[in-house]
Amino acid sequence: MRKCKNYIIICLVLIASVLLFGCGEDTDLGENTYKVYYLDGAGERLIAEKYTVGIEEKDTVSIATELIHALEKNGEGDRYTNPIEPDIEFDELQIDENQMSVYFTGAYNNKTGVTEVLSRAAIVKTLLQLKDIDKIEFFVEDQPLMVRGESVGQMDESSFVEDLGNRGEPQSRTVKLYFADSKGQSLIPIETVVTYPASEKMAKLLVDSLIAGPEAIKDKDTDGILRSVPAGTVLNNVTIRDNICYLDFSREFAELLPNVTSDVTVYSIVDTLCELPSISRVQFTINSGVRERYGETKGFNKALERNLDIIRS
């Protein structure tokens with residue numbers, strides 16, 4: 001499989017948020033009618049066209065296959081661009097409960113930047129209209145799709161912002177971060193507005209904000225609030241699959257803070273990430289290694305759910 005080319009900075013962020021639609025929602029589609037999404041002429045947003053399935057077989061795989069073939073053609077008299085170019089061959093579909101896996105040939109890895117993300121969003125949004133399908137995953141030559149060295153994983157309705165506006169203008173969002181209280185034994189929630197480049201993953205942004213510490217927050221008073229993650233920690237990798245966020249940290253993360261409990265460190269990350277609707281548990285590794293304990297925190301080798309008891313109101 002060819003290596004994925006580097007993303008250009010003008011790229012859509014994969015975030016958990018309400019979708020921004022290119023042409024408004026029309027729920028009155030009628031039987032066997034779906035929306036097929038294309039790229040507009042400027043390549044900055046998605047445009048939907050109604051499409052009526054013509055096949056007699058109405059099983060999910062057959063309908064999905066016809067929709068994918070519709071995505072291989074330009075929309076509305078060639079005004080809109082097809083998300084699946086001629087050199088990219090659709091290989092097969094597999095369905096496991098509510099997840100659909102879509103397989104492409106190696107030419108998919110030639111897609112880069114904004115075009116790749118918008119095209120992927122068009123395909124995912126089209127297929128998520130199918131009954132009982134709420135997660136889509138792409139495979140290239142039988143391997144999970146990789147972007148900038150990271151597995152894209154499963155995608156759902158919260159995975160894309162569709163409108164680039166001014167070609168990747170930075171986004172702003174209010175988030176909730178959990179830091180240590182003055183005693184280092186409880187978590188304090190801090191709501192703040194973050195501005196981020198359009199290529200940033202929201203989960204990575206949140207973890208990096210925790211690593212930066214409360215002193216990096218400029219719009220709130222953080223006196224008496226302590227950092228919860230060891231300084232110098234680097235997030236090596238982040239992947240989300242099956243609502244589990246997999247985090248791999250550098251060795252600095254293993255250097256426990258002397259004035260903060262290990263539970264506060266661990267659950268500052270878990271509780272912060274679990275604010276995202278796409279994440280319900282967090283799995284940690286340090287330099288790709290699994291540990292049964294992190295300081296006094298047991299079960300560190302398992303996917304951890306949020307801990308509300310440690311939060312100070």
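Residues numbered from 1 in each chain as written. Predicted model: local features only at pLDDT ≥ 70, side-chain atom pairs only at ≥ 80, totals over all residues. Heavy atoms only, no water.

Q: What's the story with unusual backbone geometry in this structure? I'm lost.
A: A negative phi angle characterises most non-glycine residues, just as the trans form characterises most peptide bonds. The phi angle at Asp132 is positive, at roughly 70 degrees, despite the residue not being glycine. Inspection of the secondary structure assignment puts Asp132 in the loop between α2 (113-127) and β5 (135-140). Owing to a relative accessible area of 59%, Asp132 belongs among the exposed residues under this scheme. Phi at Glu141 is positive, roughly 50 degrees, even though this residue is not glycine. Here Glu141 is to be found in the loop between β5 and β6 (143-144). (Helix = DSSP H or I, 4+ residues; strand = E, 2+ residues; numbered from the N terminus. Buried < 20%, exposed > 50% of the residue type's maximum accessible area, 1.4 Å probe, protein only.)

Q: How should a negative patch on the surface be read in this particular structure?
A: Among the surface-exposed residues, Asp87, Glu89, Asp91, Glu92, Glu141 and Asp142 lie close enough to one another that they form a single negatively charged patch. Structurally, Asp142 is set in the loop between β5 and β6. Classification of Asp142 as exposed rests on a relative accessible area of 55%. (Patch = residues over 30% accessible without salt bridge, like charges linked within 9 Å, V, L, I, M, F, W, Y side chains within 5 Å. Areas by Shrake-Rupley, 256 points an atom, 1.4 Å probe, with all protein chains shown as cover. Salt bridge = Lys/Arg side-chain N within 4 Å of Asp/Glu carboxyl O. Lys, Arg positive; Asp, Glu negative; His and termini not counted. Charge placed at Lys NZ, Arg CZ, Asp CG, Glu CD.)

Q: Explanation requested: the confidence of the model for the protein in the structure shown.
A: Atom-level detail of predicted coordinates should not be read off regions where pLDDT is low. Of the residues in the protein, 84% have a pLDDT of 70 or more, and the chain-wide mean is 84. Element-level mean pLDDT values for the protein span from 80 in strand β8 (residues 150-151) up to 98 in helix α4 (residues 262-273). Counted against residues more than four places away or in other chains, residues 1-27, with its pLDDT under 50, gives 88 contacts. Throughout residues 162-168 the model reports pLDDT below 50, and contacts reaching past four residues in sequence, or to other chains, amount to 25 contacts. (pLDDT = per-residue confidence, 0-100. Contact = heavy atoms within 4.5 Å.)

Q: Before we go on, may I ask you to explain the sheet that holds strand β4 (residues 99-104) in this structure?
A: Strands pair in a sheet through their backbones, by hydrogen bonds, and they do so in one of two ways: parallel or antiparallel. Judged by pairing direction, the sheet is mixed, and its 4 strands sit side by side in the order β3-β4-β5-β6 without closing on themselves. Of all the strands in the sheet, just β3 (90-96) and β6 have a single pairing partner and so form its edges. Relative to β6, β5 is paired through 2 bridges, and the arrangement is antiparallel. From the neighbouring strand, Val140 faces β6, where its bridge partner is Gln143. Where helix α1 (residues 60-71) meets the sheet, it contacts β3 and β4, and its direction lies at approximately 145 degrees from that of β3. Sitting on the sheet, α2 touches β4 and β5, and the angle it makes with β5 is about 135 degrees. (Pairing = 2+ DSSP bridges. Axes fitted to C-alpha atoms, helices over the stretch in contact; angles between N-to-C directions.)

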